[in-house]
Each structure stands twice: as C-alpha cells, then as structure tokens.
Amino acid sequence: MTSVFLCSREAARHMLESGGGSIINTASIMSFSSFPRRLAYGATKAAVVMMTRMLAAEWAPTIRVNAVAPGYTRTEMVEKLQAEGRIDLDAIEHRTPLRRIARPDEMAGAYTFLASDEASYVTGETIAVDGGWLAYGAFEGA
C-alpha cells in the first residue's frame with residue numbers, strides 16, 4: 001500500500017509539471033472478494049482500489065488514476081505455489097467461468113487500454129481481468 005502511494009505521488013509530480021498523464025495501479029480480485037487466510041494481502045489490495053478512486057478525484061482533471069485487478073495468472077509465483085501444494089490450479093480452473101488460468105499477456109490489454117486515449121474519460125475505475133471469477137460467486141477451496 002505504501003509503495004503504491006509513494007510511486008503514484010512521485011509519478012503525479014512529474015505528470016503535473018508536464019501537463020498530465022495516466023497512473024495505473026495493480027489491485028487484485030482479492031480486493032473484491034474474501035479469500036480465507038489471505039487477510040493482509042486482501043486488505044491491502046482493497047486499499048489500493050480505494051486509493052485509486054481517491055487519487056483520481058483529487059488529481060483530476062490533469063491526471064487519470066485507474067487500476068487493474070488481475071485474477072489467477074500463470075506466473076512464476078503461481079507455479080511455485082502449485083508445486084508447493086499451496087493452491088489447486090485444477091480447482092481454480094474448474095471454478096473460473098472461462099475454465100482456465102490467465103496468461104500474463106492477457107493482463108496487458110487492460111493496462112494498455114487504461115493508458116490509451118481510448119480511456120480518456122475513465123478515471124477512478126478498477127478493471128477486473130479474471131475470466132469471470134468475481135461474477136461466479138462464492139467458492140470454497142481455492
């Protein structure tokens with residue numbers, strides 16, 4: 001949380017001097033849904049969503065501030081958690097409406113959109129890129 005704020009503040013200083021810009025924070029689907037045994041992570045990611053909204057309101061109209069909330073994505077960290085038996089990717093895939101784990105490149109589109117002129121009227125928003133995870137509802141076992 002602190003690092004997101006400090007990086008946003010430093011970026012904003014430069015953007016204000018140069019006439020504007022777009023800041024994109026990284027939240028998580030855990031910002032919007034409780035995941036047992038992940039209190040600190042979920043709480044800080046939820047705080048990133050609220051900070052994104054507040055900074056968007058404070059820094060508009062010069063700077064747009066948005067966030068992306070990735071779902072489960074095939075990263076080295078996720079692969080390590082699976083190898084350690086700490087998550088069950090088969091269960092996660094089965095529970096995800098699109099029935100698979102995201103590839104890292106599938107997250108890039110949301111960031112690219114939010115940084116583009118096509119999102120010139122989007123600020124204070126968080127886009128969940130989660131294969132429908134949040135739309136599906138409650139799940140036990142992930």
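Basis of the calculations
- Residues numbered from 1 in each chain as written.
- Predicted model: local features only at pLDDT ≥ 70, side-chain atom pairs only at ≥ 80, totals over all residues.
- Heavy atoms only, no water.
- Pairing = 2+ DSSP bridges.
- Helix = DSSP H or I, 4+ residues; strand = E, 2+ residues; numbered from the N terminus.
- Axes fitted to C-alpha atoms, helices over the stretch in contact; angles between N-to-C directions.
- Contact = heavy atoms within 4.5 Å.
- Right-handed = clockwise from strand over helix to strand, strands pointing away.
- Parallel < 35°, antiparallel > 145°, perpendicular 65-115°, else oblique.
- Left-handed = near helix turned anticlockwise from the far one by under 90°.
- Nonpolar A, V, L, I, M, F, W, Y, C, P; charged D, E, K, R; others polar.
- 1 Å grid on protein atoms, 1.4 Å probe; cavity = no way out; pocket = protein on both sides within 12 Å on 5 of 7 lines; lining within 4 Å.
- Points joined across faces, edges and corners; volume = space filled by probe spheres on them.

Some points on the sheet that holds strand S3 (residues 126-129)
- Spatially, the 3 strands line up as an open sheet ordered S1-S2-S3, and their pairing is parallel. With one partner strand each, in any of the chains shown, strand S1 (21-26) and S3 form the two edges of the open sheet. When strand polarity is set aside, the average angle formed by the axes of neighbouring strands in this sheet is 25 degrees.
- Taken together, the 4 bridges between strand S2 (residues 63-70) and S3 define a ladder with parallel strand orientation. Directly across from Val68, in S3, lies its bridge partner Ile127.
- Here helix H5 (residues 104-115) sits on the sheet and contacts S1, S2 and S3; the angle it forms with S2, its principal contact strand, is near 165 degrees.

Let's talk about the pairing of S1
- With 6 bridges joining them, S1 and S2 adopt parallel strand pairing. By the bridge assignment for S2, Ile23 is matched with Val65.
- On the question of chirality, the crossover connecting S1 to the parallel S2 by way of helix H2 (residues 39-59) is right-handed.

Focus: the packing of helix H1 (residues 2-18) against H2
- Running from N to C, H1 and H2 cross one another at 20 degrees; their axes reach a closest spacing of 11 Å. Relative to H2, the element H1 is oriented roughly parallel. As for how H1 packs across H2, the hand of that crossing is right-handed. Contacts between H1 and H2 involve Val4, Phe5, Ser8, Arg9 and Ala12 on the former and, on the latter, Val48, Met51, Leu55 and Trp59.
- Across the contact of H1 with H2, the residue classes break down as 7 nonpolar, 1 polar and 1 charged.

Structural notes on the layout of surface pockets
- A volume near 580 Å³ is recorded for the largest pocket.
- Forming the walls of the largest pocket are 21 residues, and the residues nearest its centre are Met30, Tyr41, Tyr72, Met77 and Leu81.
- Broken down by secondary-structure element, the contributors of at least two residues to the lining of the largest pocket are H2 and helix H3 (76-83).
- Counting residues per element, the lining of the largest pocket draws most heavily on H3, at 4 residues.
- Classifying every residue of the lining of the largest pocket gives 10 nonpolar, 5 polar and 6 charged.

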